[in-house]
Amino acid sequence: MSTQTTEPPRGTAAGTAGPAPAARARTRRAERAKDWARRAPLLPALVFLVIVTQLPFVATVVISFTRWNALAPDNRGFAAFDNYRAVFTDPAMRSSVGTTVLLTVTVVLVSLVLGLGLALLLDRSFRGRGLVRTLLITPFLVVPVASALLWKHALYNASYGLLNGVLTWIWRLFGSDSPPQPDWMTDSPLAAVEVSLIWQWTPFMMLILLAGLQSRAGDAIEAARMDGASAFDVFRYLTLPHLRRYLELAALLGTVYVVQNFDAVFTITSGGLGTANLPYTIYQTFYQAHDYGRASAQGVVVVLCSLVVATFALRTVSSLLREEVTR
């Protein structure tokens, strides 16, 4: 018997092998078109963001490798890594780094502790809580320059400031006509800057920690109280572990912002008496020494250090969001 091979009819797997890749290609093109349709409205904002933020930073990086001082216009050219070498060997720069670290650590830690205390108080129900919360948030809403001017003139001034006025009033209550009148900005310049920043950033810490407190599981706290746990035990074993992520987030975000602070240092002390931080040192190099290349190198170093801290902040935010989604 002779065997004959018959061609498979149309509609079988072999018959449809040809049109299937074309259909899949059309589906992929349709999906890409939908993706572009969703992303297209965001393109103008993305282009604007690149022009406003990235191009100036690229220009700063380029200038940081040049020898460019307005006081010596003829001595301009490519400097390679000389500006960065000068940044890391400059005694004034090293001093400003130490001042920045001390200022940032003090402000962030004290603001965290005060913000935690205020958040614990506002987490309770009492009459007028909304008004108290609004008043406590107000310092964070004040313009930084206005806040620094308020502390410099209304509080710290040795002649008519509120602090010395309170001292005069207390001393007169006890019959003394020679009250102490310290010059706060001269006697304790760095502390004067730190106190003004703590006053401004404590509400920011309070808001983040209050949000964390209000996301606690109420049934676990009630169960602990029914089992005889004290308020301190509830705070230590339930509240504080729950707030760990929020404390980290507040500390990291506060560090990013306080490191870049310029207004308080410039307004209150003008960078004198050992209060010059990194932003003020860059200002001095650029606007007073007119050394644009070195100032650009200093700015690049500060931005890179801030990006390291911001990376940890973004990771903390991502972990918080993942925890909220999995609940």
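Everything discussed here concerns the structure shown above.
Keep in mind it's a predicted model, so treat the numbers as computed, not measured. (Residues numbered from 1 in each chain as written. Predicted model: local features only at pLDDT ≥ 70, side-chain atom pairs only at ≥ 80, totals over all residues. Heavy atoms only, no water.)

**Q** Is there a simple way to explain the nonpolar core in this structure?
**A** Looking at soluble globular proteins, one finds that nonpolar side chains tend to be buried together. By size, the foremost hydrophobic cluster in this structure holds 36 residues, and its most contacted members are Leu103, Val193 and Leu197. Looking at this core, the elements with two or more residues in it are helix 4 (91-122), helix 6 (144-155), helix 9 (189-213), helix 12 (244-259) and helix 13 (263-269). For this core, the leading source of residues is helix 9, giving 13 residues. Once you skip the residues sitting within four places of it in the chain, Val193 turns out to touch Leu103, Ala264, Val265, Ile268 and Thr269. Counting residues in each nonpolar core, the second largest holds nine residues, with Val87, Leu278, Ile282 and Ala297 among its members. (Core = buried A, V, L, I, M, F, W, Y, C linked by side-chain atoms within 4.5 Å. Buried < 20%, exposed > 50% of the residue type's maximum accessible area, 1.4 Å probe, protein only. Helix = DSSP H or I, 4+ residues; strand = E, 2+ residues; numbered from the N terminus. Contact = heavy atoms within 4.5 Å.)

**Q** Any chance you could explain the packing of aromatic side chains here in plain terms?
**A** The geometry of an aromatic ring pair is captured by two quantities: the separation of the ring centres and the angle between the planes. Counted under the stated rule, the structure contains 20 aromatic pairs. When the centroid spacing of 6.4 Å and the interplanar angle of 40° are considered together, the rings of Phe266 and Tyr280 count as tilted. Of this pair, Phe266 sits in helix 13 while Tyr280 sits in helix 14 (residues 278-288), and the two are 14 residues apart along the sequence. Taking the relative accessible area as the measure of exposure, Tyr280 reaches 4% and is therefore buried. One aromatic cluster is present, built from ring pairs that chain together Trp68, Phe262, Phe266, Tyr280, Tyr283, Phe286, Tyr287 and Tyr292. (Phe/Tyr/Trp six-rings, centres within 6.5 Å; stacked < 30°, edge-to-face > 60°.)

**Q** What is the right way to look at the environment of Thr239 in this model?
**A** When you line up the elements, Thr239 lands in helix 11 (residues 231-242). By relative accessible area, Thr239 is classed as buried at 2%. When the C-alpha atoms of Thr239 and Leu71 are compared, they prove to be 59 Å apart, with 168 residues separating the residues in sequence. The contacts of Thr239, once residues within four sequence positions are left out, are Leu213, Arg216 and Val234.

**Q** Sorry if this is basic, but what is going on with the packing of helix 4 against helix 9 here?
**A** For any two helices packed against each other, the geometry comes down to the angle between their axes and how far apart the axes lie. Packing of helix 4 against helix 9 brings their axes to within 6 Å, and their N-to-C directions diverge by 45°. Here helix 4 is positioned oblique relative to helix 9, judged by the angle of their axes. The handedness of the crossing between helix 4 and helix 9 is right-handed. (Axes fitted to C-alpha atoms, helices over the stretch in contact; angles between N-to-C directions. Parallel < 35°, antiparallel > 145°, perpendicular 65-115°, else oblique. Left-handed = near helix turned anticlockwise from the far one by under 90°.)

**Q** In this structure, what is going on with helix 3 (residues 82-89)? I would like to understand it.
**A** Every α-helix winds through 3.6 residues per turn, so residues three or four apart in the chain are directed the same way. Every buried residue of helix 3 is listed here: Asn83, Tyr84, Ala86 and Val87. One side of helix 3 carries all its buried residues, which in axial view fall inside an arc of 160°. (Arc of directions from axis to C-beta.)

**Q** Can you help me understand a nonpolar patch on the surface in this one?
**A** Side chains of Trp36, Leu43, Leu46, Val47, Phe48, Leu49, Val50, Ile51, Val52 and Leu55 sit close together on the surface and give an oily, nonpolar patch of about 960 Å² of accessible area. Ranked by residues supplied to the nonpolar patch, first place goes to helix 2 (residues 43-64) with nine residues. Structurally, Leu55 is set in helix 2. Note on Leu55: relative accessible area 48%, which makes it partly exposed. (Patch = residues over 30% accessible without salt bridge, like charges linked within 9 Å, V, L, I, M, F, W, Y side chains within 5 Å. Areas by Shrake-Rupley, 256 points an atom, 1.4 Å probe, with all protein chains shown as cover. Salt bridge = Lys/Arg side-chain N within 4 Å of Asp/Glu carboxyl O.)

**Q** Explanation requested: unusual backbone geometry in the structure shown.
**A** Leave glycine aside and you will find that most residues have negative phi; peptide bonds, for their part, are mostly trans. The residue Ser270 is not glycine, and still its phi comes out positive at about 55°. Here Ser270 falls in the partly exposed class, since its relative accessible area comes to 41%.

**Q** What's the story with the side chain of Glu194 in this structure? I'm lost.
**A** Structurally, the position occupied by Glu194 is in helix 9. Comment: no salt bridge for buried Glu194; closest opposite-charge side chain is Lys152, at 18 Å. (Lys, Arg positive; Asp, Glu negative; His and termini not counted.)

**Q** Please clarify how the pattern of salt bridges should be interpreted in this entry.
**A** Oppositely charged side chains can form a pair if their charged atoms are brought close together. By the definition in use, this model includes three salt bridges. Across the pair Arg244 and Glu248 runs a salt bridge whose closest N-O atoms are separated by 2.9 Å. In this pair, Arg244 and Glu248 both sit in helix 12, four residues apart, roughly one turn of the helix. Looking at Arg244, the relative accessible area reads 43%, which means it is partly exposed. The residue Asp291 makes a salt bridge to Arg294 at a minimum N-O spacing of 3.8 Å. We classify Arg294 as partly exposed; its relative accessible area is 29%.

**Q** I tried to follow empty space enclosed by the protein on my own but got confused; where do I start?
**A** In this approach a probe as big as a water molecule rolls over the atoms, and the regions it shows empty are the leftover space. Evaluation of the coordinates by the stated rule reveals one cavity of 30 Å³ or more. Computed from the structure, the largest cavity encloses a volume of approximately 30 Å³. Around the largest cavity, the lining residues are Pro144, Ser147, Ala148, Ser196, Leu197, Gln200, Asn261 and Ala264. Of all elements in the fold, only helix 6 and helix 9 reach the threshold of two or more residues within the lining of the largest cavity. Across the lining of the largest cavity, the residue classes break down as four nonpolar, four polar and no charged. (1 Å grid on protein atoms, 1.4 Å probe; cavity = no way out; pocket = protein on both sides within 12 Å on 5 of 7 lines; lining within 4 Å. Points joined across faces, edges and corners; volume = space filled by probe spheres on them. Nonpolar A, V, L, I, M, F, W, Y, C, P; charged D, E, K, R; others polar.)

**Q** Help me understand the environment of Leu278, please; the structure alone is not making it clear to me.
**A** As for its placement among the helices and strands, Leu278 is situated in helix 14. For Leu278, a relative accessible area of 11% translates into the label buried. Linking Leu278 and Phe48, residues 230 residues apart in sequence, is a C-alpha distance of 28 Å. With near-sequence residues (within four places) excluded, Leu278 lies in contact with Met93, Ser96, Val97, Thr100 and Val302.

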